[in-house]
Amino acid sequence: MIESLLVANRGEIARRIIRTGRRLGIRTIAVHSEADGGLPFVTEADEAVCVGPANPAQSYRNVEAILDAARSTGAQAIHPGYGFLSENADFARTVEGAGLIWVGPGADAITAMGDKINARNLMAAAGVPVAPGTTEPASDLDAAVAAAAEIGYPVMVKAAAGGGGMGMGVAADEAALRTEYDKVRAFAERMFGDGSVLIERYFPRVRHVEVQILGLADGRVVALGERECSVQRRNQKLVEESPSPAVSPELRERFLAAAVRAGEAVNYRNAGTVECLLDPSTQEFFFLEMNTRLQVEHPVTEYVYGVDLVEEQLRVAAGLAPTFDPDALTPRGHAIELRINAEDPKRFLPGPGAITTWNEPSGAGVRVDSGYVAGNTVTPFYDSLMAKLILTGDTREEAIQRARAAVAQFEIAGPKCNLPFFAELLENEEFLSGDYDTGIVSRMR
């Protein structure tokens, strides 16, 4: 097993990786910005190195500073968490070029799946269903208009290099497409340094369902069930649950088989997620994208399948066999994750601030992966995620009941917080029925 691990991330995911590392007897090293020096992940690591100012470009995305920290502390491996450099193929190559172990998929797989158009084409060739759309970037507005006419309105206009729900727009007709194309292209150039745009069919009522895959050290790819991620605001997830209440056993088999084919198509190693759109009216699903990293919502899969995905990542990176039998993966129970963000619970606008009260719920079936404690400050420099509240039970109904109690018990004061939204959601008839889609939040607002 790896003996020393540098975590190139912050907040709750850094703290969560450090927790598994310490359980396995691995020496853990945190890197942090000047703004994050007082957060729990820094003090809980065996060592910590400040890598720059609050600006992520000068700290958490500063490749040289992170590599210098690895060298100075004698780190053997680097785990990138999610966000920041986690899906940066050049960083993965640089880490391995420096003689360090990269805890993630190979750089070639990251590159192959990082461009949405290339990924769509690869998946189609591998027999994975893809939605009708362009097979190459829409080079200009005229090309986008021609593509949309062939696909049929409404269409989704997407940044080919985008991710995390950013760089997307919906066009119901040509006039809207002309506006959205320019908007998405400009955003993509500014945020991703790549203005390539793709056009694909938009489904007005759709569910967002993803499959957790793990590429093992021996070359096999296995699927660890699906997660329902349809509770979203601005195309970004707020709630995830496993198993999906929309997926029948027959549909699950098709989902998992397609996800395994997706991983095999790029010789995938380590943890990854194949994201799909499910049309509930036809039970058809289509490849959306592949996230070549650990997902924010990985804890729900950990409960349902009884695995520690960070441990499995470390084992794959070290060339070791998994802790489980790949031929005997059996799900059990139900898990729901709520993303506790520092944001207005009505409009979902960020609301950073100093935390004056922080009291976490506890009890049977309650897990809290948090990045903060009382006395810390949620700054405006990073994502608004403060904690993940994970509720488990033998049934979906039991997990929901525990979620209601835990939300009521969770006390956070100082920054704005979306806990009131979850209290509302957990009484919403549409959510409780399990028959909901990606428009549920907009209908609540």
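Look up: the structure comes first, before these words.
The residue numbers shown here count from 1 along each chain, following its written sequence. It should be noted that, the model being predicted, local features are given only for residues of pLDDT at least 70 and side-chain atom pairs only at 80 or more, the latter also being counted only at that level, while totals for whole chains, interfaces and linings use all residues. The side-chain numbers reported here are obtained from all heavy atoms of the structure, hydrogens and water having been left aside.

Focus on the overall build of the protein
Now for step 1: Numbering of helices and strands runs from the N terminus; a helix is a DSSP stretch of H or I covering at least four residues, while a strand is a stretch of E covering at least two. A count of helices and strands for the protein gives 15 helices and 20 strands.
Now for step 2: Throughout, the radius of gyration refers to the C-alpha atoms, and the reference size of a globule is 2.2 Å times the residue count to the power 0.38. Relative to a compact globule of 445 residues, whose C-alpha radius of gyration would be 22 Å, the protein shows 21 Å and is just as compact.
Now for step 3: Its C-alpha atoms give the protein principal-axis dimensions of roughly 60 × 50 × 45 Å.
Now for step 4: Buried residues are those whose accessible area, probed at 1.4 Å on protein chains only, stays under 20% of the maximum for their type, while exposed residues exceed 50% and partly exposed ones sit between those limits. Taking all 445 residues of the protein together, the buried fraction comes to 56%.

As for the packing of helix 5 (residues 107-114) against helix 6 (residues 116-125)
Now for step 1: Packing of helix 5 against helix 6 brings their axes to within 5 Å, and their N-to-C directions diverge by 100°. Relative to helix 6, the element helix 5 lies roughly perpendicular. For the pair helix 5 and helix 6, the contacting residues are Ala112, Met113 and Gly114 in the first and Lys116, Asn118, Ala119, Leu122 and Met123 in the second.
Now for step 2: Grouping the constituent residues of the contact of helix 5 with helix 6 by class yields 5 nonpolar, 2 polar and 1 charged. Axes, fitted as lines to C-alpha atoms, cover a helix only where it is in contact. Angles between the N-to-C directions of the axes lie from 0 to 180 degrees. Throughout, the term roughly parallel applies to angles under 35 degrees, roughly antiparallel to angles over 145, roughly perpendicular to angles from 65 to 115, and oblique to all others. The contact criterion used is simple: two residues touch if any of their non-hydrogen atoms lie within 4.5 Å. Residue classes follow a fixed rule: Ala, Val, Leu, Ile, Met, Phe, Trp, Tyr, Cys and Pro count as nonpolar, while Asp, Glu, Lys and Arg count as charged, and any other residue, Gly among them, counts as polar.

Topic: the nonpolar core
Looking at soluble globular proteins, one finds that nonpolar side chains tend to be buried together.
Now for step 1: Think of a nonpolar core as a cluster: buried Ala, Val, Leu, Ile, Met, Phe, Trp, Tyr and Cys residues, connected wherever their side-chain atoms sit within 4.5 Å. Counting 73 residues, the largest nonpolar core has Val231, Leu338 and Ile340 as the members making the most contacts within it.
Now for step 2: The leading source of residues in this core is strand 19 (residues 385-393), at 6 residues.
Now for step 3: Dropping the residues within four chain positions of it, Ile340 is found in contact with Ser384, Leu385, Met386, Ala387, Leu389, Phe410, Ile412, Cys417, Asn418, Leu419 and Phe422.
Now for step 4: By size, the runner-up hydrophobic cluster in this structure holds 28 residues, among which are Val209, Val211, Ala258 and Phe287.

Some points on the pattern of salt bridges
Now for step 1: Salt-bridge detection follows one rule: a side-chain nitrogen of Lys or Arg within 4 Å of a carboxyl oxygen of Asp or Glu. Under the defined criterion, the tally for this structure stands at 41 salt bridges.
Now for step 2: Between Glu343 and Arg233 there is a salt bridge, with the nearest N and O atoms lying 2.7 Å from each other. A residue pair is termed long-range when its members are at least 10 positions apart, and Glu343 in the loop between strand 14 (334-341) and strand 15 (353-354) and Arg233 in strand 10 (residues 221-233) qualify at 110 residues. In this pair, the class of Glu343 matches that of Arg233, namely buried.

Details of the side chain of Thr28
Now for step 1: Inspection of the secondary structure assignment puts Thr28 in strand 2 (residues 27-33).
Now for step 2: Beyond its immediate stretch of four places on either side in the chain, Thr28 contacts Leu5, Ile18, Gly21, Arg22, Ala45, Asp46 and Glu47.

Here we look at the pairing of strand 8 (residues 197-201)
Now for step 1: In terms of burial, strand 8 is a largely internal element, 4 of the 5 residues being buried.
Now for step 2: By the convention used here, strands pair only if DSSP detects at least 2 bridges between them. Here 5 bridges tie strand 6 (residues 155-159) to strand 8, and the two strands are oriented antiparallel to one another. Along strand 8, the bridge assignment pairs Lys158 with Leu198.

Comments concerning the sheet that holds strand 11 (residues 236-242)
Now for step 1: Pairing is antiparallel across the open sheet formed by 8 strands, whose spatial order is 13-12-9-10-11-14-19-17. Two strands close off the open sheet at either side, each with one partner strand: strand 13 (284-291) and strand 17 (366-370). Shown here is a sheet whose adjacent strand axes are inclined to one another by a mean of 25°, direction ignored.
Now for step 2: Where strand 17 lies against strand 19, 5 bridges are found, and the strand directions are antiparallel. When the sheet's bridge partners are listed, Val368 is paired in strand 19 with Leu389.
Now for step 3: Its contacts with the sheet place helix 1 (residues 11-23) against strand 17 and strand 19, and it is angled at close to 115° to strand 17.
Now for step 4: Against the sheet, helix 10 (residues 298-305) engages strand 9 (207-215), strand 10, strand 11, strand 14, strand 17 and strand 19, with an angle of about 160° to strand 14.

A closer look at helix 9 (residues 249-265)
Now for step 1: A rise of 1.5 Å per residue sets the reference length of helix 9, with its 17 residues, at 24 Å; its end C-alpha atoms lie 24 Å apart and thus fit the reference within 8%.
Now for step 2: Leu251, Phe255, Leu256, Ala258, Ala259, Val260, Ala262 and Gly263 are the residues of helix 9 that are buried.
Now for step 3: In this structure, the buried residues of helix 9 make contact with helix 6, strand 9, strand 10, strand 12 (270-279) and strand 13.
Now for step 4: In the stretch just after helix 9, Asn267 is the one whose phi turns positive, near 50°. Helix span, as expected, comes to 1.5 Å for every residue beyond the first.

Quick notes on the sheet that holds strand 8
Now for step 1: Read from one edge to the other, the open sheet built from 3 strands follows the order 7-6-8, with strand pairing classed as antiparallel. The open sheet has two edge strands with one neighbour each: strand 7 (168-171) and strand 8. Direction aside, neighbouring strands of the sheet carry axes that sit 25° apart on average.
Now for step 2: Where helix 7 (residues 141-151) meets the sheet, it contacts strand 6 and strand 8, and its direction lies at approximately 15° from that of strand 8.
Now for step 3: Along the sheet, helix 8 (residues 174-192) makes contact with strand 6, strand 7 and strand 8, crossing strand 6 at roughly 20°.

Description of unusual backbone geometry
Now for step 1: Residues Tyr153 and Pro154 are joined by a peptide bond in cis, for which omega reads 0°.
Now for step 2: Position of Pro154 among the secondary structure elements: in the loop between helix 7 and strand 6.
Now for step 3: Of note in this structure, Arg234 is not a glycine but carries a positive phi near 55°.
Now for step 4: Positionally, Arg234 belongs in the loop between strand 10 and strand 11.
Now for step 5: Among the residues examined, Arg234 registers a relative accessible area of 48% and is labelled partly exposed.
Now for step 6: The phi dihedral of Asn267 is positive, around 50°, even though this residue is not glycine.

Re helix 11 (residues 309-317)
Now for step 1: In terms of burial, helix 11 is a largely internal element, 7 of the 9 residues being buried.
Now for step 2: Leu309, Val310, Glu311, Glu312, Gln313, Leu314 and Val316 are the residues of helix 11 that are buried.
Now for step 3: One side-chain oxygen of the residue at the start of helix 11 lies 3.0 Å from the amide nitrogen of Val310, identifying that residue as Asp308.
Now for step 4: Gly319 sits one or two positions beyond helix 11 and adopts a positive phi of about 80°. In protein, a polar contact requires one atom able to donate a hydrogen and another able to accept it; more generally it is a pair of N or O atoms within 3.5 Å, and residues adjacent in sequence count only if both atoms are side-chain atoms.

Digging into the environment of Asn428
Now for step 1: Structurally, Asn428 is set in the loop between helix 13 (419-425) and helix 14 (429-433).
Now for step 2: Considering only alpha carbons, one finds Asn428 and Ala171, 257 residues apart in sequence, at a separation of 29 Å.
Now for step 3: A polar contact of 3.0 Å, which involves the side chain of Asn428, links it to the backbone nitrogen of Phe431.

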